[in-house]
Amino acid sequence: MTTALDKPPTTGTPSERSARSLADAVFRAREISIGGALALLIAGTWLANPSFLDDQGIKDLLLNSSILVLLAVGQSVVVITRNIDLSVGSVVGLTAFACGHFVSGTDHSAFTVVVLGIALGVVCGLVSGALVSFGRVPALVVTLGMLYVIQGLDHAWAHGEQINAANVPDGVLSLGSGSVAGIPYLPLISAAVLAGTAYFLRTYRSGRELYAIGSNPEAARLAGIPIRRRVLAAYAFSGAVAGFAGALWLARFGTVVADAANGWELTVVSAVVVGGIAITGGTGSVWGAALGALLLTTIGSALVVLKVDSFWQQAITGVLLLLAITTDRVVQVRTTSALRKKSRR
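Source: prediction; values computed, not measured. (Residues numbered from 1 in each chain as written. Predicted model: local features only at pLDDT ≥ 70, side-chain atom pairs only at ≥ 80, totals over all residues. Heavy atoms only, no water.)

K.L.:
Please explain the side chain of Thr-95 as it appears in this structure.
P.N.:
Its place among the elements puts Thr-95 in helix α3 (residues 88-103). A distance of 2.8 Å separates a polar side-chain atom of Thr-95 from the backbone oxygen of Val-91. Beyond its immediate chain neighbours, meaning those up to four positions away, Thr-95 contacts Gly-117, Leu-120, Gly-121, Ala-242, Gly-243, Gly-246 and Ala-247. (Helix = DSSP H or I, 4+ residues; strand = E, 2+ residues; numbered from the N terminus. Polar contact = N/O pair within 3.5 Å; in protein donor to acceptor, adjacent residues only side chain to side chain. Contact = heavy atoms within 4.5 Å.)

Shown next as structure tokens:
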């Protein structure tokens, strides 16, 4: 049974724990810097075009970032364990089309669509997680293979078919277009999932054990942490979030084709890494990943407002990703070197 802890469990030697503490401080500083960069970007774009922050502009920015934030949260849990899930984009496409096909021409409720999307996502996540955790196949190979398998199944099923918004029940579409107190439902849903995941990772033993696995798998094993089950659960959660995002995709856009969210997996990974979660696992927070998703979405919106070629969004995303990975590596090398010198003294 999972219990809440006042202090998170620790594994490894004192030097390893000191290294993690120093790395955590560095990545928290990166989260603050991302927040500052986001504020400067928004302010600069607003000065260039004041309509960027009018009521509709803010609403569009929130809606455009909601699904990416959700996917970044699910991906974060996997990356923290020193793994990766490249199939999230294809899972979104599969669940969006499947949910659309299921409710097309019916009066099914939004709740039914959400449950179906999450269930399909969990199945996909469990398949990937089982191969990674119990089959011991590298995560990159498994999830890349799952990406192509799901895309192939989706296209074979769709045969060029398109789900039209006119055939989607109004109750489903209202989930994507409705609001409360002027705030759309989608960003509120994303914020709730984000806060709940952050609370779980910080407060509960099983959440902290994911960090221990990513930080030092061997030490985690010696500490008695059920690594395989935790990794499997991380993939199941990522799949569930991706399936949920697929249902919301249908609610948001109404019209869905088989390749919805095609290519999003790399954007999601970029958001996570740029947001301060180390690609080598064990460090970072979902709050940082959400900030990374907001930053990438805002860059895309700002370029559109400023009438800049969309090619530059991909170029900027690539530069940010390279900088983030380089920073992670430099911090890791310098931290290890500093701890060795301290140990000798």
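There's more to say after this.
K.L.:
I tried to follow a nonpolar patch on the surface on my own but got confused; where do I start?
P.N.:
Residues Trp-46, Leu-47, Leu-53, Ile-58, Leu-62, Val-180, Ile-183, Tyr-185 and Leu-188 make up a contiguous nonpolar surface patch of about 750 Å² in total accessible area. Assignment of secondary structure puts Leu-53 in the loop between α1 (14-48) and α2 (55-80). (Patch = residues over 30% accessible without salt bridge, like charges linked within 9 Å, V, L, I, M, F, W, Y side chains within 5 Å. Areas by Shrake-Rupley, 256 points an atom, 1.4 Å probe, with all protein chains shown as cover. Salt bridge = Lys/Arg side-chain N within 4 Å of Asp/Glu carboxyl O.)

K.L.:
Help me understand the packing of aromatic side chains in this model?
P.N.:
Ring pairs (aromatic) are described by centroid distance and by the angle formed between their planes. Applying the stated criterion to the full structure yields five aromatic pairs. Where Phe-97 meets Trp-157, the ring centres are 5.3 Å apart and the plane angle is 85°; that geometry is what we call edge-to-face. On the criterion of sequence distance, the pair formed by Phe-97 in helix α3 and Trp-157 in helix α5 (residues 139-158) is long-range, its members being 60 residues apart. Taking the relative accessible area as the measure of exposure, Phe-97 reaches 0% and is therefore buried. Trp-157 gets classed as partly exposed once you look at its relative accessible area, which sits at 38%. For the ring pair Trp-249 and Trp-264, a centre distance of 5.3 Å and an interplane angle of 75° mean the geometry is edge-to-face. Taken together, the residues span a long stretch of sequence, with Trp-249 in helix α10 (residues 227-253) and Trp-264 in helix α11 (residues 264-274) at a distance of 15 residues. Clustering of aromatic rings is evident, with ring pairs tying together Tyr-199, Phe-200 and Tyr-204. The ring of Tyr-211 has Arg-208 sitting right over it, with the charged end atom 4.8 Å from the ring centre. (Phe/Tyr/Trp six-rings, centres within 6.5 Å; stacked < 30°, edge-to-face > 60°. Buried < 20%, exposed > 50% of the residue type's maximum accessible area, 1.4 Å probe, protein only. Lys NZ or Arg CZ within 6 Å of the ring centre and 35° of its normal.)

All we've got here are geometric facts, nothing functional implied.
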